[in-house]
Amino acid sequence: MKTTKFCCESMQYHLEYKCDIHKDAFECPDNLIFKSKKNKDYGIIIHDGGNSFITIKFCPWCGKKLT
Ligand SMILES: [Zn+2]
Ligand SMILES: [Zn+2]
């Protein structure tokens, strides 16, 4: 088994997701998860046209604590 920094495949998919059309994660409706590089917070992006996100402490898919 290879070591991974992701808790599950769903989280890996969403964190590594890159859109060809939208350069900014907040502009892409397909982009759900945001990881802050500053304080390492995880969040669910709210697509309200701004840069809002809800900070999450646990993975929405597998329920593991996010580190
Ligand atoms: Zn997970
Ligand atoms: Zn997009």
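The sections below set out a description of the structure shown in this document.

Rules behind the numbers
Within each chain, residues carry numbers counting from 1 in the order of the written sequence. Starting at A for chains and at 1 for ligands, labels are handed out in the order in which the entities are written. Per-residue local features are limited, in this predicted model, to residues with pLDDT of at least 70; the limit for side-chain atom pairs, both in listing and counting, is 80 or more; totals at the level of whole chains, interfaces and linings are taken over all residues. Heavy atoms from the whole structure form the basis of all side-chain values; hydrogens and water molecules are not counted. Aromatic rings from Phe, Tyr and Trp, taking only the six-membered ring of Trp, are treated as a pair when their centres fall within 6.5 Å; an angle between ring planes under 30 degrees marks them as stacked, one over 60 as edge-to-face, and anything in between as tilted. Burial classes follow relative accessibility: with a 1.4 Å probe on protein chains only, a residue under 20% of its type's maximum area counts as buried, one over 50% as exposed, and anything between as partly exposed. The secondary structure listing takes helices from DSSP runs of H or I that are at least 4 residues long and strands from runs of E that are at least 2 residues long, numbered from the N terminus. What makes a nonpolar core is a set of buried Ala, Val, Leu, Ile, Met, Phe, Trp, Tyr and Cys residues whose side-chain atoms join them at distances within 4.5 Å. The contact criterion used is simple: two residues touch if any of their non-hydrogen atoms lie within 4.5 Å. Following DSSP output, two strands are said to pair if at least two bridges run between them. Only the stretch in contact is used when fitting a helix axis, every axis being a line fitted to C-alpha atoms; angles between N-to-C directions are given from 0 to 180 degrees.

## Details of the packing of aromatic side chains
- Under the criterion given, the structure shown has four aromatic pairs.
- Between Phe-26 and Phe-34 the ring centres are 5.0 Å apart and the planes differ by 50°, which places this aromatic pair in the tilted class.
- Overall, Phe-26 belongs to the buried group, its relative accessible area being 13%.
- Consider the rings of Phe-26 and Phe-53, whose centres lie 6.5 Å apart with planes at 45°: the pair is tilted. With a gap of 27 residues between them, Phe-26 in the loop between α1 (9–16) and β1 (33–35) and Phe-53 in strand β3 (residues 53–56) connect regions that are remote in the sequence.

## A few points about the nonpolar core
- One finds Cys-8, Met-11, Ile-33, Tyr-42, Ile-56, Cys-59 and Leu-66 forming the largest nonpolar core, which totals seven residues.
- Filtering out sequence-adjacent residues up to four positions away, Ile-56 remains in contact with Ile-33, Tyr-42, Gly-43, Ile-44 and Leu-66.

## Looking at the sheet that holds β1
- Reading across the sheet, the three strands line up as β1-β2-β3 and stay open at both edges, with antiparallel pairing between neighbours. Since the sheet does not close on itself, it has two edges, and those belong to β1 and β3, each with one partner. Between one strand and the next, the sheet's axes are offset by a mean angle of 35°, whatever the strand orientation.
- Its contacts with the sheet put α1 on β1 and β2 (42–45), and the angle it makes with β1 is roughly 75°.

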